[in-house]
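# Summary of structural features
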Amino acid sequence: MNNTKYIFVTGGVISSLGKGIISASIGKLLQARGYDVTIQKFDPYINIDPGTLNPYEHGECYVTIDGHEADLDLGHYERFLNVPTTRANNVTTGRIYQNVINKERKGDYLGKTVQVVPHITDEIKRNIKFLGSKNKFDFVITEIGGTVGDIESLPFIESVRQLRWELGRNCICVHLTYVPYIAAAKEMKTKPTQHSVKQLQELGIQPDILVLRTERPLSEEVLRKVALFCNVMESAVVQSVDVPTIYEVPIRMQQQKMDETILRKMKLPIGETPELKPWKEFLFRMKDAKESVKIALIGKYVELPDAYKSINESLFQAATYNDRKLELSFIHSEKVDETNVSELLSEFDGLVIAPGFGQRGTEGKISAIKYARINNVPVFGICFGMQCMVVEYARHVLGYADANSTEIDEKTPYNVIDLMEDQKGVSNLGGTMRLGLYDCELEKDSRVYKAYHKQVIQERHRHRFEFNNKYRAEFEAAGLKCTGHNPETDLVEVIEIPGHKWFIGVQFHPEYNSTVLNPHPLFISFVKAVIENKKNNNEKSPK
Ligand code: GLN
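Overview of the structure. Residue positions are given per chain, counting from 1 as you read along its sequence in written order. Reporting in this predicted model follows two pLDDT cut-offs: at least 70 for local features of residues, and 80 or more for side-chain atom pairs to be given and counted; totals over whole chains, interfaces and linings ignore these cut-offs and use all residues. Only hydrogens and water are removed before side-chain values are computed, so all heavy atoms of the structure are retained for them.

## A closer look at the packing of aromatic side chains
Stacked, edge-to-face and tilted labels apply to pairs of Phe, Tyr and Trp rings (six-membered ring for Trp) whose centres lie within 6.5 Å, assigned for plane angles under 30 degrees, over 60, and everything in between, in that order. Taken as a whole and judged by the stated rule, the model has 21 aromatic pairs. Where Y247 meets F282, the ring centres are 5.7 Å apart and the plane angle is 85°; that geometry is what we call edge-to-face. Of this pair, Y247 sits in the loop between β11 (237-241) and α9 (249-255) while F282 is found in helix α11 (residues 277-288), placing the two residues 35 residues apart along the sequence. Overall, Y247 belongs to the buried group, its relative accessible area being 0%. Feature note: the residues F80, Y247, W279, F282, F316 and Y321 constitute an aromatic cluster, connected by ring pairs. Between R216 and the ring centre of Y181, over which it is positioned, the NZ or CZ distance is 3.7 Å. Any Lys NZ or Arg CZ found within 6 Å of a ring centre and within 35 degrees of that ring's normal is scored as a charge over the ring. Here the guanidinium or amino end of R434 rests over the ring plane of Y438, the centre of that ring lying 4.2 Å away. Counting from the N terminus, the helices are DSSP H or I runs at least four residues long and the strands are E runs at least two residues long. Only protein chains enter the calculation, and the probe is 1.4 Å; a residue is then buried if its accessible area is under 20% of its type maximum, exposed if over 50%, and partly exposed in between.

## Describing a nonpolar patch on the surface
Patches here: salt-bridge-free residues with over 30% relative accessible area, like charges joined within 9 Å, nonpolar side chains (Val, Leu, Ile, Met, Phe, Trp, Tyr) joined within 5 Å. In short, Shrake-Rupley with a 1.4 Å probe defines the accessible areas, and a residue's cover is counted only from the protein chains shown. Whenever Lys or Arg places a side-chain nitrogen within 4 Å of a carboxyl oxygen from Asp or Glu, that contact is recorded as a salt bridge. Where nonpolar side chains cluster on the molecular surface, the patch consists of Y97, I101, V116 and V117 and spans about 320 Å² of accessible area. Looking at the nonpolar patch, the elements that each hand over two or more residues are α4 (93-106) and α5 (116-130). Looking at where V116 falls in the secondary structure, it is placed in helix α5.

## Thoughts on the site of the ligand
Here a residue is considered near a molecule or strand provided that any single heavy atom belonging to it is located within 4 Å of it. Every residue lining the ligand is accounted for by P355, G356, F357, C383, F384, Q387, E407, R462, H463, R464, F465 and H509. For this analysis, a polar contact is any N or O atom pair within 3.5 Å, provided that within protein one partner can donate a hydrogen and the other can accept it, and provided that sequence-adjacent residues contribute only side-chain to side-chain pairs. One of the side-chain nitrogen or oxygen atoms of E407 is found 2.7 Å away from a nitrogen atom of the ligand. R462 places a main-chain nitrogen or oxygen 3.0 Å from a nitrogen atom of the ligand. Protein burial of the ligand: of its 300 Å² of free accessible surface, 99% is covered by the chains. Mapped by element, the contributors of at least two residues to the shell around the ligand are α15 (384-396) and β19 (456-463).

## Some points on the pairing of β11
In terms of burial, β11 is largely enclosed, as five of its five residues are buried. Pairing geometry for strand β10 (residues 209-214) and β11, over five bridges, is parallel. Bridging from a neighbouring strand, R213 pairs with S240 of β11. Convention used here: a crossover is right-handed provided that the path from the first strand, over the helix, to the second strand proceeds clockwise when the strands point away from the viewer. On the question of chirality, the crossover connecting β10 to the parallel β11 by way of helix α8 (residues 220-230) is right-handed. Note on pairing: two strands pair once DSSP finds at least 2 bridges between them.

## As for the nonpolar core
Counting 60 residues, the largest nonpolar core has I7, I26, F139, V174, I209 and M258 as the members making the most contacts within it. The element that contributes the greatest number of residues to this core is helix α1 (residues 19-32), accounting for six residues. Once you skip the residues sitting within four places of it in the chain, I7 turns out to touch I26, L30, F139, V140, I141, T142, I172, V174, I262 and M266. Each nonpolar core is a collection of buried residues, namely Ala, Val, Leu, Ile, Met, Phe, Trp, Tyr and Cys, held together in the definition by side-chain atoms within 4.5 Å. Among the nonpolar cores identified, the runner-up in size contains 40 residues, and I298, A372, M386 and A394 belong to it. Here, two residues are considered to be in contact whenever any of their heavy atoms come within 4.5 Å of each other.

## Focus on the packing of α11 against helix α12 (residues 309-321)
To get an axis, a line is fitted to the C-alpha atoms, and for a helix only the part in contact is used. The angle between two axes follows their N-to-C directions and goes from 0 to 180 degrees. Relative to each other, α11 and α12 sit at 80°, their axes nearing to 8 Å. Overall, the two elements α11 and α12 adopt an arrangement that is roughly perpendicular. Contact residues: α11 offers F282, R285 and M286, while α12 offers F316, Q317, T320 and Y321. When residues are sorted by character, Ala, Val, Leu, Ile, Met, Phe, Trp, Tyr, Cys and Pro go into the nonpolar class, Asp, Glu, Lys and Arg into the charged class, and all the rest, Gly among them, into the polar class. When its residues are assigned to classes, the contact of α11 with α12 shows four nonpolar, two polar and one charged. Roughly parallel means an angle under 35 degrees; roughly antiparallel means over 145; roughly perpendicular covers 65 to 115; every other angle is labelled oblique.

## Overview of the side chain of S196
Within the element layout of this structure, S196 appears in helix α7 (residues 191-202). Accessibility expressed as a relative area gives 4% for S196, which makes it buried. At a separation of 2.7 Å, a polar atom in the side chain of S196 contacts the side chain of H175. With residues near it in sequence (within four places) discarded, S196 still touches G12, V13, H175 and T177.

The following block contains the structure:
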């Protein structure tokens, strides 16, 4: 295609409507028609990136292949499109201002007064068009974070207004709103949508397509009314009713011909409607699964499942490909201790020990690991989860009662997990961890190798501490094997206990690499082991 086409996705009325899922679904439908698509998110907050944000603020911090700490919506983009994102796919107000201020300090503005318009908006536009300028993508979908009308998103909306003018037919705007149901009146209310569109119009943008989020199906009449009041064609008003899984959203959008409307508006040929066969097969398998697989995730952000979004989705994908329904429970690591661990965890057939930072909840994770190790329950430790496995083994098998990670106890006499050498001089916390893709070489006779069927793998990282190689021989002699390492630095990446049903800890984050059409082999292998474990348990326990 000659000119890259731009699709902007904005949101109105309230936040958390799922702009990320709608953007990913539009991307999926266009990709299924043979177009190269990328999706990017522009976030109006001042942080340079979400790397230093507490998960309670914006949920999980996602990591791109090139080591950018990014918004969790990028995880949705990758899971839907099966194409990796990079740092160019997530830009914040903080980064825009940082670039502009750096240029100002260098004198690039030649004595001009630096202003929101045009300097900040020019920088936003440059970033929006960056991926499109590489001639790699037919479509660049840009999700604008926040809600229209927020003070902080104004410069982004203004940039979109200017771009619509510049790009003409190569640009459309999709606006997502909410239609509430008022029980007392037994009515779906469109007024908030009308107001939100008006607000967008006041800012100079007429949306081309409206997506109405709703908990109940909307009648033709409601859709017609919205079209009439908002200057949008009837065929361009799409409803997005709550569905059991986010992966059904593209199908629902396709049923309403949303992709055709987009192509028509951009004067592109419509062609045949893609079948989305593998995608639909995934959904069929999900619906067909009768039996469930019961897994507990031990972490400290359990009040907010978004904090572990990618792990949750990876387990769900792996369960589906194993023809099981995922029953995932979040167990608060601060509530687990030696006295209640069996009671809290005995109903689960497998455990995942979550990544994390800092002391809070660490001892609970260690108790859960000990329980799983001794009772031969499949257990999967991810990043900090793996580090806790090492500490647990040191304490209870090697007999080093005070063993710890120096992140938790700086003065531990047995620093089995220690700060990485190149982290020692680091004082700035933002973007300074070991981040992004690194090679890992697997031992041929290991379980992890059997899962991947590959000797050298590449996985994403986000950590400062590492397995202390000083103790490696001792661990190995006592039965905890290091079965994956970085070929350049010899950093331990995978540990496992060979005789155990499934005891694997990984320093990397496999959850960032699992997609709907390319589920992660390690999660598949773990869920298989959990299913096996359940079978054994059922056979053992009398009916
Ligand atoms: N806190 C640990 C480290 O920095 C683990 C990080 C994580 O789990 N992502 O090494």
